[in-house]
Structures are given as C-alpha cells and as structure tokens.
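Architecture and fold: a report
The primary structure of each chain is shown beneath.
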Amino acid sequence: MAEHDVDTSAATAVVDAAPADRRGVDGVLARVRAGVGELTGALRRVAEHVLSDPEAAARATIVELAERSGTSPATITRFCRAMGFEGYADLRLGIAAETGRARSAGWTVDIGREIQPGDPLSRVLDQIMAADTRAMHDTAALLDLGEVERAAVAIAGANRVNIFGASGSALVGEEMQFSLHRIGVAAWAWSDVHEGLASAALLGVGDVALGISHTGATRETIELLAEAGSRGATTVALTGFPRSPLAELADIVLVTASQATTFRPDALSARHPQLVVLDLLYIAVAQRTHDRAHAAFRRTAQAVDGHKAAKGASS
C-alpha cells in the first residue's frame, strides 16, 4: 500500500515556486532530469520513478503513479506544477510524446543500461551513442535561444572575453577560446584561479566573462565570474543546473543536459552537449561579425597553411 506522505518544507518550497517555462511538450524528461537534484523527499521520489520508466509513467493513472512512487495523488499534482504543467493529463501527454519519438528513433534500447566489463565494444559504442543522442536532444529542448542570442550580441561587441573553467570545463573553455580567436575576437581562457582573478579584475563594462561548470557549484569558477561581474562585465554561465550558484550570479544562463553512463558520470557526459552549445554560440558570434570574422578566419587559415603536409609527400 502506498505511503500517504507529508512533504517536507524544503520540498514544498520547490513546488510553491513559479512553474517552469514550458516550450510545448518537448523536453519534459530533460526538465525532470535537470531538476531532480533540486527536489527533495516525496517530489524527488516521483521524479526518480518517472525517469526510471517513462513509458510506464505515461500509461499510469495518477493513483497508480502515486502508489508506484510511494507518494500520494496530491504530491503527483504538485510535481506536475513544479514541472510547468497544469495537471497530470498534460504531463502524461508530454512524456508519451517524448518516449514515442525516442522509441521511433531507436534511443531507448540502451538508455539506463549499465555497461558491463565483458560487453563487446560494439555494444559499448551503441550505449555511448544512445546516451549522447539523448543528451543532445535534451539540451536542444532545454536551451533558451533568446539567451544564446543575448550572449552572442554581447561577445560580438566585447572588447575582450574571459572564459573560466576548472578541470574538464577548462578543456571546453579552451576550445571556445580557440574558436573565437580564429575569427578575431580577443578571448582568453583561464583555469588557474590567481591568473583568472587578476584578469577578471581588469574587465569592465563592454567586456564578457563566460563561466563553465556542469554542476554550477565549482567554487573557483563562481569566484572568477563574480569578480568579473563586480567590475561591470556581462557574465554568462554554461551549466547543467539553472538554479545553481553560478547561474544565480550570471546575467545570461545557457543550460545543457547530460546522460550519464558507466565510467562517464554527469560531468564527463556533459562535455559534448557543452561543446555543441558553445559551437552554436561561436557561429552566432561569427554571423554578427561576418565581414570581420570572414577576413580573420581567412588570414589565420593562410598563416598555418604552410605547415600542412603537401599532397603526395612521403611521411
């Protein structure tokens, strides 16, 4: 028999917040995955149950879902509100539409399956491709293109751009810095906190600082972005958690999704979606600085052309 729960104050606080913005029915599972870490108690049990078997959740009545998640129909209703839906019927339709598309695209076979030590590489490859495909589609559903537009306009007009990140996020930041440099944007990527703070302190109005952290909780990246913001720079956060400390202090927030697999926890599986979002941002900047970007890209390509091996040359 289901436990008729009483939500904790923390869980209620999440529910009583304004419902999430809806973009049709697309990305409901992505929103649940992105928000599950911020839910507590009964609401978290509902989210985890929905994610564990979305197709079953789409078929269940509100009473059945309550019983299976060990909660109550009232909690299911509050969960729907937290996800931006008016009621359970809308949530079911959204999940059913999304799982139907995933099934037709062949994504669902390996999602959620653990990679075993004895799995052949063909199976591992299928698992990675399925997880990355889902993460990409979830990111597309979560991403606010208006925020991408704002970030692109800010970078296109910036005097200088600072990019901050630690560990794996630093590698992603270096990719973005390289891309921007190729089109003539004055950009620097910093992973050392001392050097980053010194550079951030020299930013001002008209400059841009981009902080990259999947969790949005990396202390050094938060400190660097805060320093840049305090000097008047426009701050941009790239994170998987829209209500994280990093996102809270940023002027512009770009959200990514991830799909963890064995040996690839969220922070690692988030790298490809992060690169896709930054690639989109880079292209948007290039569009807005077309003549300058085209000329810079041509000159930089010519500069390194002499270091390419001639066709037919022996190695």
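Numbering of residues starts from 1 in every chain and runs along the sequence as written. Residues qualify for local features only when their pLDDT is at least 70, as the model is predicted, and side-chain atom pairs are given and counted only at 80 or more; totals for whole chains, interfaces and linings, by contrast, use all residues. Remark: hydrogens and water are excluded; side-chain values derive from all non-hydrogen atoms of the structure.

Thoughts on the confidence of the model for the protein chain
For clarity, the threshold we go by: Across the chain, each position has a pLDDT score giving the predictor's confidence in that residue, from 0 to 100. What makes two residues a contact is simply this: any of their non-hydrogen atoms within 4.5 Å.
Of all residues in the protein chain, 83% attain a pLDDT of 70 or more, and the chain-wide mean is 83. Here residues 1–25 scores under 50 on pLDDT; set against residues more than four positions off or in separate chains, the count is 48 contacts. The low-confidence segment residues 107–111, where pLDDT is below 50, has 17 contacts with residues more than four positions distant or belonging to other chains.

Some points on the nonpolar core
The cut-off we apply is this: For this analysis, a nonpolar core means a set of buried residues of the types Ala, Val, Leu, Ile, Met, Phe, Trp, Tyr and Cys, connected via side-chain atoms within 4.5 Å. Type-normalised accessible area, obtained with a 1.4 Å probe on protein chains alone, sets the label of each residue: buried when under 20%, exposed when over 50%, and partly exposed for intermediate values. Going along the chain from the N terminus, every DSSP run of H or I of four or more residues is numbered as a helix, and every run of E of two or more is numbered as a strand.
If you look at the biggest cluster of nonpolar residues, it comprises 31 residues, and the most contacted ones within it are Val161, Leu180, Leu254, Leu281 and Val285. Of all the secondary structure elements, the ones that give two or more residues to this core are helix 9 (145–156), strand 1 (161–165), helix 10 (168–182), strand 3 (208–212), strand 4 (234–239), strand 5 (252–255) and helix 15 (271–288). With seven residues, helix 15 is the largest single contributor of residues to this core. Excluding residues within four positions of it along the chain, Leu254 makes contact with Leu143, Glu147, Val148, Val236, Ala237, Leu238, Thr239, Val277 and Leu281. Grouped together as the second largest cluster of nonpolar side chains are 23 residues, Val36, Ala57, Leu65 and Phe79 included.

Focus on the side chain of Ser69
Quick note on the threshold: Here a polar contact means two N or O atoms within 3.5 Å. Within protein one must be a hydrogen donor candidate and the other an acceptor candidate, and residues neighboring in sequence count only if both atoms are side-chain atoms.
By the secondary structure assignment, Ser69 is in the loop between helix 5 (62–68) and helix 6 (73–82). Among the polar contacts listed, one links the side chain of Ser69 to the side chain of Thr71, at a separation of 2.9 Å. Apart from residues no more than four positions distant in its own chain, Ser69 is found in contact with Arg45, Val46, His49 and Ile76.

With respect to the packing of aromatic side chains
Applied cut-off: Stacked, tilted and edge-to-face pairs are distinguished by plane angle, under 30 degrees for stacked and over 60 for edge-to-face with tilted covering the rest, among Phe, Tyr and Trp rings (Trp via its six-membered ring) whose centres lie within 6.5 Å. Charge-over-ring placement is defined geometrically: NZ (Lys) or CZ (Arg) within 6 Å of the ring centre, and within 35 degrees of the ring normal.
Tallied over the full model, the rule gives zero aromatic pairs. We note Arg160 situated over the ring of Trp188; from NZ or CZ to the ring centre the distance is 4.3 Å. The ring of Phe297 has Arg182 lying over it, and the distance from NZ or CZ to the ring centre is 4.7 Å.

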